[in-house]
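Analysis of the macromolecular model
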Amino acid sequence: MIELLYLNIGGIGGRGGVVRFFMLANDMAFTETLIPPGDEWQTKKAELVATAENPAGTVPVVKTDGKTLTQHVAIMRYLAGSQGLSSGDYANDAVADQYQAFRDAWVTAAFMGGDKDKFKAHAKAELKVFNELYVKYATADVYLSSAKPL
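Presented here is a report on the structure given in the accompanying data block. (Residues numbered from 1 in each chain as written. Predicted model: local features only at pLDDT ≥ 70, side-chain atom pairs only at ≥ 80, totals over all residues. Heavy atoms only, no water.)

Describing the nonpolar core
Of all hydrophobic cores here, the largest spans 21 residues; its most connected members are Val19, Met23 and Leu79. Elements supplying a minimum of two residues to this core: β1 (2-7), α1 (14-25), β2 (30-35), α2 (39-50), β3 (61-64) and α3 (72-82). Not counting chain neighbours up to four residues away, the residues in contact with Met23 comprise Ile2, Leu4, Met28, Phe30 and Leu79. Ranked by size, the runner-up nonpolar core spans 5 residues in total, among them Phe102, Ala105, Ala109 and Ala123. (Core = buried A, V, L, I, M, F, W, Y, C linked by side-chain atoms within 4.5 Å. Buried < 20%, exposed > 50% of the residue type's maximum accessible area, 1.4 Å probe, protein only. Helix = DSSP H or I, 4+ residues; strand = E, 2+ residues; numbered from the N terminus. Contact = heavy atoms within 4.5 Å.)

Structure follows, in structure tokens:
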């Protein structure tokens, strides 16, 4: 059984929500624990660090197959591989990582008070690299990963 721990922030739920959506879309059985922001989150964060469950003190955290997984991109790669939804091709990972760099910059600018003008300049460069990688490694299917849609 897969256990998912993340913040209860509504909507799609941020990075934990993306992991949750993936598991739902692929009919993966899981349990989830939602932590409200505020004091309860601060207590849980300190516990994650103190127990070395996640030394970074971040969520989402997934427990499965006797492993504790952290960082949503790494979690998604692991789950995709466990479901046969990953090609195992590192070129595909390079494309995904380049997109993630853009997304992280966007989240900072949009939701964390980051410099939006700096983001716009940065985004152009990130998207250019992403496009070049996509064109270089694209296959006949549009999924870039084992030709399997969600």
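With respect to the pattern of salt bridges
In total, this model carries 3 salt bridges according to the counting rule given. We note a salt bridge from Arg20 to Glu32, for which the minimum N-O separation is 2.8 Å. Of the two residues, Arg20 is situated in helix α1 and Glu32 in strand β2; the sequence distance between them amounts to 12 residues. Taking the relative accessible area as the measure of exposure, Arg20 reaches 28% and is therefore partly exposed. (Salt bridge = Lys/Arg side-chain N within 4 Å of Asp/Glu carboxyl O.)

A few points about unusual backbone geometry
The residue after Val59, namely Pro60, is reached through a cis peptide bond having omega 15 degrees. Mapped onto the elements of the fold, Pro60 is located in the loop between α2 and β3. The backbone phi angle of Asp27 is positive, close to 50 degrees, even though this residue is not glycine. Topologically, Asp27 is positioned in the loop between α1 and β2. Notably, Ala52 is not glycine yet its phi reads approximately 65 degrees, a positive angle. Mapping Ala52 onto the fold places it in the loop between α2 and β3.

Some points on α2
Between its first and last C-alpha atoms α2 spans 16 Å; for 12 residues at 1.5 Å apiece the expected length is 16 Å, and the two agree. Within α2 the residues assigned to the buried category are Trp41, Lys44 and Leu48. Down the axis of α2, the buried side of the element spans an arc of 65 degrees, and every buried residue falls inside it. Looking at α2, the residues exposed on the side facing more than 90 degrees away from the buried face are Asp39, Thr43 and Ala50. Along its buried surface, α2 packs onto β1, β2 and β3. Ala52 occupies a position one or two residues after α2 and carries a positive phi of about 65 degrees. (Expected span 1.5 Å × (residues − 1). Arc of directions from axis to C-beta.)

Treat this as a map of the structure, not an account of what it does.
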